[in-house]
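Per-entry structural report
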Amino acid sequence: MFRQALNVGKAQLARGYATAAPTKAPLTLFGIDGKYATALFQAAAKTNELTAVESDLTKIEQVIAKEPRVEELLGSPLLNKAAKEQLIESLGKKSAITTNFFQTLAENNRLNETRGVIAAYKSLMEAQRGVVSVTVTSAKELGAKELKQVKDNLTKGGLIKNFKEVNVVNKVNPSLMGGMVVEFGDFTIDMSVSSRLAKLEKLLTDSISV
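Computed from a predicted model, the values in this text were never measured in an experiment. (Residues numbered from 1 in each chain as written. Predicted model: local features only at pLDDT ≥ 70, side-chain atom pairs only at ≥ 80, totals over all residues. Heavy atoms only, no water.)

1. Digging into the confidence of the model for the protein
Mean pLDDT over the protein: 83, with 84% of residues reaching 70 or higher. Ranking the helices and strands of the protein by mean pLDDT puts helix α3 (residues 50–66) first, with 95, and helix α1 (residues 2–11) last, with 46. (pLDDT = per-residue confidence, 0-100. Helix = DSSP H or I, 4+ residues; strand = E, 2+ residues; numbered from the N terminus.)

Listed below in structure tokens is the structure:
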């Protein structure tokens, strides 16, 4: 079931947000974790178990947070089939669909993607509820007026549409030196000073090496 959903997802890759049919993901995610999360979402939607799976993943996330050893084992390529099954069992009681999904991850040697899959699934659930989260990383903390301006530019500019609510979160990273990096879904808009300097340095290096 999950392999089929993954193959369907590959055929439907088109960057952007959109209002979706009940069994389709409400937004397109890329990367391995995004593809697996999308497959899980589609499978859960077909059996009306979206919130049940979300609850399972939240509990698993809590287990990983409390037990660092569990995350270490999830990333280990040395576990045999029996050890993987035992590890999945240790993540707590889960619905059949979540259990089957983790068995698929184990068979495909993708248990190390667990954290990423959980985060991606949460993004899908937010989008399903009409909410999109935007992370704005800046060298210094931004004020409410600046964050509102970013939000208005994204919504009025058409980059984000068909959503009831847009949550903007500001993170601080002094290494950016200035400007900002805006992230939502699988989009990244890098307007940081450090990025511009890196591009300039590459341009200069390429010019000198010619």
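So, next bit.
2. Some remarks on the layout of surface pockets
By volume, the largest pocket is sized at about 420 Å³. Lining the largest pocket are 21 residues, with Leu29, Ser123, Phe184, Gly185 and Asp186 positioned closest to its centre. Among the elements of the structure, α2 (31–46), α7 (114–128), β1 (131–138), β3 (180–184) and β4 (187–190) are those that each provide at least two residues to the lining of the largest pocket. Ranked by residues supplied to the lining of the largest pocket, first place goes to α7 with 5 residues. A breakdown of the residues in the lining of the largest pocket according to their chemical character gives 10 nonpolar, 7 polar and 4 charged. Two domains share the lining of the largest pocket, each providing at least three of its residues, namely domain 1 (32–126) and domain 2 (130–209). (1 Å grid on protein atoms, 1.4 Å probe; cavity = no way out; pocket = protein on both sides within 12 Å on 5 of 7 lines; lining within 4 Å. Points joined across faces, edges and corners; volume = space filled by probe spheres on them. Nonpolar A, V, L, I, M, F, W, Y, C, P; charged D, E, K, R; others polar. Domains from an automatic or database assignment.)

3. Observations regarding helix α5 (residues 81–90)
Here α5 has its buried residues at Lys84, Leu87 and Ile88. The buried residues of α5 all sit within an arc of 100 degrees when viewed along its axis, so they share a single face. Those residues of α5 that are exposed and aimed more than 90 degrees away from the buried face are Ala82, Gln86 and Glu89. Considering only its buried residues, α5 is in contact with α4 (68–74) and α6 (96–107). The N-cap of α5, judged by a side-chain oxygen 3.2 Å from the amide nitrogen of alanine 82 a few residues on, is asparagine 80. Looking one or two residues beyond α5, the residue adopting positive phi is glycine 92, at roughly 105 degrees. (Buried < 20%, exposed > 50% of the residue type's maximum accessible area, 1.4 Å probe, protein only. Arc of directions from axis to C-beta. Contact = heavy atoms within 4.5 Å. Polar contact = N/O pair within 3.5 Å; in protein donor to acceptor, adjacent residues only side chain to side chain.)

4. Quick look at the packing of α3 against α6
It is at 9 Å that the axes of α3 and α6 come closest, and there the two elements cross at 55 degrees. Here α3 lies oblique to α6, going by the angle between them. In terms of crossing hand, the pair formed by α3 and α6 is right-handed. On α6, the residues that touch Val53, Asp56, Leu57 and Ile60 of α3 are Ile97, Thr98 and Phe102. The residue inventory of the contact of α3 with α6, partitioned by class, reads 5 nonpolar, 1 polar and 1 charged. (Axes fitted to C-alpha atoms, helices over the stretch in contact; angles between N-to-C directions. Parallel < 35°, antiparallel > 145°, perpendicular 65-115°, else oblique. Left-handed = near helix turned anticlockwise from the far one by under 90°.)

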